[in-house]
Each structure stands twice: as structure tokens, then as C-alpha cells.
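The primary structure of each chain is shown beneath.
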Amino acid sequence: MPNLDGGHYFFTGIVPVNNTGIVQHEAMKSSPIHMVREALETLPTALQSHASEKIGIQSPFARSLRTHFARIVVLDEPFYNGRDHADALVSAIRGTDLLEAQPVDALACPYLLVMIDFDPADAQGKGEPRGYFEELWRLMPAELTAVFRYCYGFDAVTDAASFAGFILACQVETTMPFNDYWVGAPQLPSLSTAMLAAVPIVGLAVPLLLAWCWHWSWWQGLLLGIGGALLGVLIDYWLVMRRGGKPFPAAPNSTLRDVLKALYLQQAFTRFVIARQGADPATLGPAFRAFLAEHRPGDLDAPTQSPGVIRSHFPKGAA
């Protein structure tokens with residue numbers, strides 16, 4: 001599964017934290033990983049709950065009009081999931097002591113797990129994710145420094161390009177992206193059944209034809225024909241896997257700017273409908289045309305909902 005899928009880039013990175021030494025923090029001494037935890041705990045969340053709305057401090061990721069979701073968590077150690085699976089009968093025959101501890105994986109240092117879903121600047125994903133992280137550094141350098149300053153390699157970060165190089169060195173492949181913008185099945189092109197059947201048939205027929213033309217023995221022609229048919233099956237397998245490995249197509253109107261505009265229009269139209277319950281039908285047409293002129297459904301720039309908020313804000317008394 002590619003990192004770029006469904007028109008979005010799903011970045012996953014595991015960044016090692018240099019948890020050695022003591023950090024002097026104001027009047028207190030602390031460990032580097034504790035400082036990282038503190039930076040994450042004080043990093044504002046988006047204003048997507050009533051409690052966070054009251055606080056009013058917006059997430060720095062909301063400064064980007066490309067970021068759909070961002071999650072950063074600390075990985076201290078992998079979870080212990082119990083003993084390795086084994087057949088109970090085989091274990092009984094072997095006399096396996098199920099109470100004996102098995103070796104478990106351990107991390108040499110804490111890691112920061114970074115998962116960010118964002119819109120690529122180019123629909124084909126050219127230049128990503130480097131372009132996104134360079135942009136992110138320009139938007140929130142102080143917050144990124146607070147989170148990553150104790151990670152291995154961050155000492156070399158001096159600008160947007162070096163930050164992108166630092167974080168990209170820790171990237172791992174995203175194996176399970178979450179596409180939630182398709183509301184119906186996309187129209188995916190399928191390989192022709194006739195074409196798939198034709199490939200091994202041609203592989204079988206050509207050697208047989210050559211054997212007949214060149215007066216080979218029947219078993220030579222049959223042997224080559226079977227080989228040709230098997231080669232055709234392998235070609236079919238390659239074609240299917242190649243087609244299946246292509247990224248999922250982008251859902252219509254699924255960029256963050258499209259989503260924000262849709263949320264804005266949903267709320268605006270709800271207010272419009274509520275305000276005109278029982279209105280004279282003769283007035284609805286002009287009112288709806290005024291609604292379109294005011295809210296401009298095709299204009300993604302404005303009016304629209306701001307990123308990182310749970311609702312749009314309309315002028316008092318507006319419908």
C-alpha cells in the first residue's frame with residue numbers, strides 16, 4: 001500500500017529520542033523524554049470541542065490548509081501481546097512450559113511516532129512529503145523545535161530544508177492508510193477478462209503453430225506450448241499486481257479546503273432552511289439566489305470555515 005493513496009499523503013515516521021543526561025529546566029532538572037512529553041502535553045489541540053473552544057488557543061497545525069490529521073505520541077516500549085501463537089497439541093507433545101517467559105522486543109530508546117495526513121501540493125505527489133514538511137517548518141518552527149529538540153539528528157536542523165531532511169530520514173512506509181472521503185464505490189478500471197485469457201492462450205498456441213510449421217515432433221511443440229501458457233499466466237499475474245499496486249484515486253472534492261467549504265455550506269444552508277420555514281413560495285427563489293450570491297459555493301477561498309474549528313461563525317442575525 002503506497003504512502004500516497006486516495007489523493008492524500010499518509011506520512012508515518014518513528015523518530016528516536018536521545019534520552020541521555022539531565023536537562024536543566026528553569027529551577028527544575030528533568031530528563032529529555034520528560035521534556036518531550038511536556039512539550040506534547042502543552043501543544044494546543046484544535047478547537048474541536050466546547051472545552052477547547054473556551055480555551056481559545058488554536059493548534060499550530062491549523063495554520064496549514066493542507067493538514068487533515070496530525071498525531072504525535074511517545075513510544076516507550078512495544079506492548080507485550082503474550083506468548084507467540086502455537087498449536088496446543090504440539091506444545092503438549094513437546095512439553096512446552098507455558099509459564100516460561102519468552103524473549104520480548106525492547107527499544108533501545110524512546111521514539112516519537114509521527115502520523116500526519118495531508119494534501120499533496122501536486123495531485124501526483126511530486127515533491128512530497130519534503131514540500132509539506134518545509135512548509136510546516138515555516139508555519140510552526142517554535143512548536144516543532146519544542147517537540148523534536150531532544151531527538152537524534154535535530155542538532156543539524158537550521159531551516160526548513162534541514163528539518164524536512166531530519167524528519168524524512170525517520171519515515172517508514174504507511175501500510176494501512178484510512179480513506180474516509182469516498183462515499184460510494186469509485187469507478188476503478190478493470191482489466192479485460194478476454195485480454196487476461198488471451199495471454200496464456202497465445203503462449204500456448206504460438207509454440208504449437210511453430211512446431212507445425214517447422215515440423216517439430218508433437219511432444220516438443222506440446223512442451224513449448226505448456227511453457228508458453230505458464231509464461232502467459234505469470235504475465236497475467238504481473239499485470240494484476242501492477243494494477244492493484246496503483247494508488248487509490250482521489251475522491252471528488254476531498255482536499256481540506258473542499259471539506260472546510262462543505263462544512264461551512266452545510267451550516268449556512270441549515271440556517272437558511274430553518275429561517276424560511278413556512279415562507280411564501282414566491283419569495284424562496286429570490287432568497288435562494290441571494291444565498292448563492294452571499295455564500296458562493298464554488299469559491300473555496302471565502303466565505304468558508306476556518307481550519308481546526310468545530311463550527312463556522314456567522315454574523316449575528318444572519319440566516
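Residues numbered from 1 in each chain as written. Predicted model: local features only at pLDDT ≥ 70, side-chain atom pairs only at ≥ 80, totals over all residues. Heavy atoms only, no water.

## Quick look at the domain arrangement of the chain
- Structurally, the chain comprises domain 1 (4-81 + 100-170), domain 2 (193-245) and domain 3 (255-318).
- Once you take the C-alpha centre of each, domain 2 and domain 3 turn out to be 61 Å apart. (Domains from an automatic or database assignment.)

## Topic: the UniProt feature "transmembrane region" (unreviewed entry) in the chain
- The UniProt record annotates "transmembrane region" (unreviewed entry) at residues 194-212 and 218-239.
- Summarising residues 194-212: 100% helix, 0% strand, and an end-to-end C-alpha distance of 26 Å.
- Taken end to end, residues 218-239 is 100% helix and 0% strand, and its two terminal C-alpha atoms sit 31 Å from one another. (UniProt positions renumbered as here; feature names shortened; annotations may be inferred. Helix = DSSP H or I, 4+ residues; strand = E, 2+ residues; numbered from the N terminus.)

## Examining the side chain of D117
- Among the structural elements, D117 can be located in strand β6 (residues 111-118).
- Each residue touching D117, except ones within four places of it in the same chain, is listed here: Y9, F10, R66, T67, H68, F69 and R71. (Contact = heavy atoms within 4.5 Å.)

## Quick word on the side chain of R66
- Along the polypeptide, R66 turns up in the loop between α2 (50-55) and β5 (67-75).
- In this structure R66 comes out as buried when scored by relative accessible area, which is 13%.
- Within the local environment of R66, its side chain forms a polar contact with the side chain of E128, the two groups lying 2.4 Å apart. (Buried < 20%, exposed > 50% of the residue type's maximum accessible area, 1.4 Å probe, protein only. Polar contact = N/O pair within 3.5 Å; in protein donor to acceptor, adjacent residues only side chain to side chain.)

## A short note on the nonpolar core
- Core analysis: the biggest nonpolar cluster contains 37 residues, and V15, L112, F133, F148, F163 and F166 have the highest contact counts within it.
- When contributions to this core are tallied by element, the ones reaching two or more residues are β2 (8-16), α1 (32-41), β5, β6, α4 (130-139), α5 (141-148) and α6 (160-168).
- Formed by seven residues, the second largest nonpolar core is a distinct cluster that contains L265, F272, A287 and F291. (Core = buried A, V, L, I, M, F, W, Y, C linked by side-chain atoms within 4.5 Å.)

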